[in-house]
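Examination of the molecular architecture
Residue strings, one per chain:
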Amino acid sequence: MENQQKKYLIAIDGPSAAGKSTIARIIAQKLEYLYIDSGAMYRAIALKVIQHNLSLEKKDAIIALASETRIDLRPADDGCYVFLNGIDVSKKIRSPEISQVASQISVIPEVRKILVHAQQSLGRNGGVIMEGRDIGSKVFPDADLKIFLDASERTRAQRRFTENQKKNSSLSLVKTLHEIRQRDQRDRTREASPLIQTEDAIYLDSSGKNILQVVSEIIDRINCLK
Ligand code: DC
């Protein structure tokens, strides 16, 4: 473990496939922090919406579903396991379809309210690194360190494409780029807590950098916290 005394609350926000999960997970392992993937919670609700065959127009039904759903995040070597009402859905929630539906249901303010509340409880005691879209702006506006992690659209599409290929997805690079654009546009322009870089966040561009370079830049920043 690095020489860490106080356990801080670190927020990492940014667009999809900027490297947030990988980087946050490695930092959490190095510092023995709890890693929380807030997007996994939106994905879990999206999975439930699909399982219930609910139309995305049926906002009230989606809100009811979100309020009765229990989502547990448990640490794993490669991220976190996600349990939906006690069932492990960690792999299921990573499909391109779920990515789109998660982004679509995340525009509903009441769904956000339920998940933000759960995220705030998880991070209350510090020693947490949480990544998402609104962690620094809404979930933890007083986070000890806020990072806005970005990368060029091409870099992000290529990363997601490679990742999907490993999971045997047949989505082409062009389609992956299109999906990323569409999702980012929605996540940045929605009314409720859109993805923004807050004034006090540090902007990091991970294009052209390897994971460990970005990890060490962020750990340096954490070590400078007082
Ligand atoms: O981080 P991710 O790609 O797994 O997130 C999936 C979707 O969930 C993302 O497109 C928007 C939504 N999301 C959100 O609105 N707020 C968060 N803090 C995290 C994710």
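Use the structure listed above.
What you are looking at is a predicted structure, and each value in this text was computed from that prediction instead of being measured.

How each quantity is defined
- Residues numbered from 1 in each chain as written.
- Predicted model: local features only at pLDDT ≥ 70, side-chain atom pairs only at ≥ 80, totals over all residues.
- Heavy atoms only, no water.
- Pairing = 2+ DSSP bridges.
- Helix = DSSP H or I, 4+ residues; strand = E, 2+ residues; numbered from the N terminus.
- Axes fitted to C-alpha atoms, helices over the stretch in contact; angles between N-to-C directions.
- Contact = heavy atoms within 4.5 Å.
- Near = heavy atom within 4 Å.
- Polar contact = N/O pair within 3.5 Å; in protein donor to acceptor, adjacent residues only side chain to side chain.
- Areas by Shrake-Rupley, 256 points an atom, 1.4 Å probe, with all protein chains shown as cover.
- Nonpolar A, V, L, I, M, F, W, Y, C, P; charged D, E, K, R; others polar.

1. Considering the sheet that holds strand S2 (residues 34-37)
Taken in spatial order, the five strands line up as S2-S6-S1-S7-S8 in an open sheet, and their pairing is parallel. Lying at the two open borders of the sheet, with one neighbouring strand each, are S2 and strand S8 (202-205). Strand after strand, the sheet turns through a mean of 20° between neighbouring axes, direction not considered. Judged from the four bridges that link them, S2 and strand S6 (residues 128-132) form a sheet pairing that is parallel. Within S6, the residue paired with aspartate 37 across the bridge is glutamate 131.

2. Some thoughts on the environment of glutamate 68
Along the chain, the position of glutamate 68 falls in the loop between helix H3 (59-67) and strand S3 (71-76). The spatial distance from the C-alpha of glutamate 68 to the C-alpha of glutamine 100 is 22 Å, given a sequence separation of 32 residues. With residues up to four places along the chain from it excluded, the contact list for glutamate 68 reads Lys48 and Asn85.

3. Topic: the site of the ligand
As a matter of local geometry, the ligand sits amid 15 residues, with Arg43, Arg112, Asp134, Asp187 and Arg190 nearest to it. One of the side-chain nitrogen or oxygen atoms of arginine 112 is found 2.7 Å away from an oxygen atom of the ligand. Take arginine 133: an N or O atom from its side chain is 2.9 Å from an oxygen atom of the ligand. Expressed as a share of its isolated accessible area of 440 Å², the protein-covered part of the ligand is 97%. Every element with two or more residues in the shell around the ligand is listed here: helix H2 (38-51), helix H4 (96-105) and helix H8 (173-189). The element that contributes the greatest number of residues to the shell around the ligand is H2, accounting for four residues. When grouped by side-chain class, the residues that make up the shell around the ligand number three nonpolar, five polar and seven charged.

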